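Tertiary structure, described
As a plain string of letters, each chain reads:
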Amino acid sequence: MAVKELYVRIPGTARPTRRQVQGAWAGVVRLRLEFEYPSIVGAYAAAEWVLELTDVRPMRRAGLTMGDVGRLAVHADAALVRAADQAAVADELLLAVEVLEGRRRGDESFALGVYSWLAWWLGARDLPEQFVPGSEPFEQLLTT
């Protein structure tokens, strides 16, 4: 099986498989440790949220430092902090789409990272190759 095929989702499935999540998470963490590109930061923020490592909503994190995120995580403001249930994931995906389509202000590259991860998580799209460990785009990114 080709590396990319490991991350192809079956449309309509509830969640990626455990193996897919482990591989994709390892890849996005590796990229996040190496780069500050907004699309990578956005994908990392979305991944961290849906994997329940934080309750800080990813589209609300654009421009925040890790310290800011840590402080926000203890607030009860639902606009900023909410568990990643199905409705919240759909809301965040919609916000990302609105930014990408120019209907809402925001960092388009960050929104693209959030969209990429959440659309994959929901089974709407394949994980972009730049986030697939072992793929040519992933490896090329690491050598830049």
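Described below are features of the structure shown in this document. (Residues numbered from 1 in each chain as written. Predicted model: local features only at pLDDT ≥ 70, side-chain atom pairs only at ≥ 80, totals over all residues. Heavy atoms only, no water.)

The next thing to look at is the packing of helix α3 (residues 38-50) against helix α6 (residues 108-121). Closest axis-to-axis distance for the α3/α6 pair is 6 Å, and the angle between their directions is 40°. By the angle class used here, α3 and α6 are oblique. The element α3 and its partner α6 pack so that their crossing is right-handed. Taking contact as the criterion, the partners of Pro38, Ser39, Val41, Gly42, Ala43, Ala45, Ala46, Ala47, Trp49 and Val50 in α3 are, on α6, Ser109, Phe110, Gly113, Val114, Trp117, Leu118 and Trp121. A per-class count over the contact of α3 with α6 returns 13 nonpolar, 4 polar and no charged. (Axes fitted to C-alpha atoms, helices over the stretch in contact; angles between N-to-C directions. Helix = DSSP H or I, 4+ residues; strand = E, 2+ residues; numbered from the N terminus. Parallel < 35°, antiparallel > 145°, perpendicular 65-115°, else oblique. Left-handed = near helix turned anticlockwise from the far one by under 90°. Contact = heavy atoms within 4.5 Å. Nonpolar A, V, L, I, M, F, W, Y, C, P; charged D, E, K, R; others polar.)

Let us look at the packing of aromatic side chains. Counted by the stated rule, this structure contains 3 aromatic pairs. Between the aromatic rings of Phe35 and Tyr37, the centroid separation amounts to 5.0 Å while the plane-to-plane angle is 10°, which identifies the pairing as stacked. For Phe35, a relative accessible area of 10% gives the class buried. Across the ring face of Tyr44, the terminal group of Arg32 is positioned such that the distance to the ring centre comes to 5.9 Å. (Phe/Tyr/Trp six-rings, centres within 6.5 Å; stacked < 30°, edge-to-face > 60°. Buried < 20%, exposed > 50% of the residue type's maximum accessible area, 1.4 Å probe, protein only. Lys NZ or Arg CZ within 6 Å of the ring centre and 35° of its normal.)

Here the focus is the nonpolar core. The biggest cluster of nonpolar side chains holds 37 residues, and the ones touching the most others in it are Leu31, Val50, Met59, Trp117 and Leu118. If you list the elements that add at least two residues to this core, you get α2 (18-34), α3, α5 (86-100), α6 and α7 (136-143). In this view, Leu118 contacts Ala46, Trp49, Val50, Val89, Glu92 and Leu93; residues no more than four positions away in its chain are not counted. (Core = buried A, V, L, I, M, F, W, Y, C linked by side-chain atoms within 4.5 Å.)

What follows deals with unusual backbone geometry. Despite not being glycine, Glu52 has its phi angle at roughly 65°, a positive value. Of note, Glu52 is situated in the loop between α3 and α4 (66-72). Using a relative accessible area of 60% as the deciding quantity, one classes Glu52 as exposed.

Relative to the 21 Å expected for 15 residues at 1.5 Å per residue, α5 spans 21 Å between its end C-alpha atoms, a close match to the ideal helical length. Among all positions of α5, only Ala88, Val89, Glu92, Leu93, Leu95, Ala96, Glu98 and Val99 are buried. Buried residues along α5 sit against α3 and α6. Phi turns positive one or two residues past the end of α5, at Gly102, with a value near 80°. (Expected span 1.5 Å × (residues − 1).)

Quick look at the environment of Ala24 now. Counting through the fold element by element, Ala24 comes out in helix α2. As a C-alpha pair, Ala24 and Pro133 span 109 residues in sequence and 7.0 Å in three-dimensional space.

On to the packing of α2 against α6. The angle between the axes and the distance between the axes are what describe a pair of packed helices. Direction vectors running N to C along α2 and α6 enclose 170°, while the axes themselves pass 12 Å from each other. For the element pair α2 / α6, the angle class is roughly antiparallel. Contacts between α2 and α6 involve Gln20, Val21, Ala24, Trp25 and Val28 on the former and, on the latter, Trp117, Trp120 and Trp121. Residue classes in the contact of α2 with α6 are distributed as 7 nonpolar, 1 polar and no charged.

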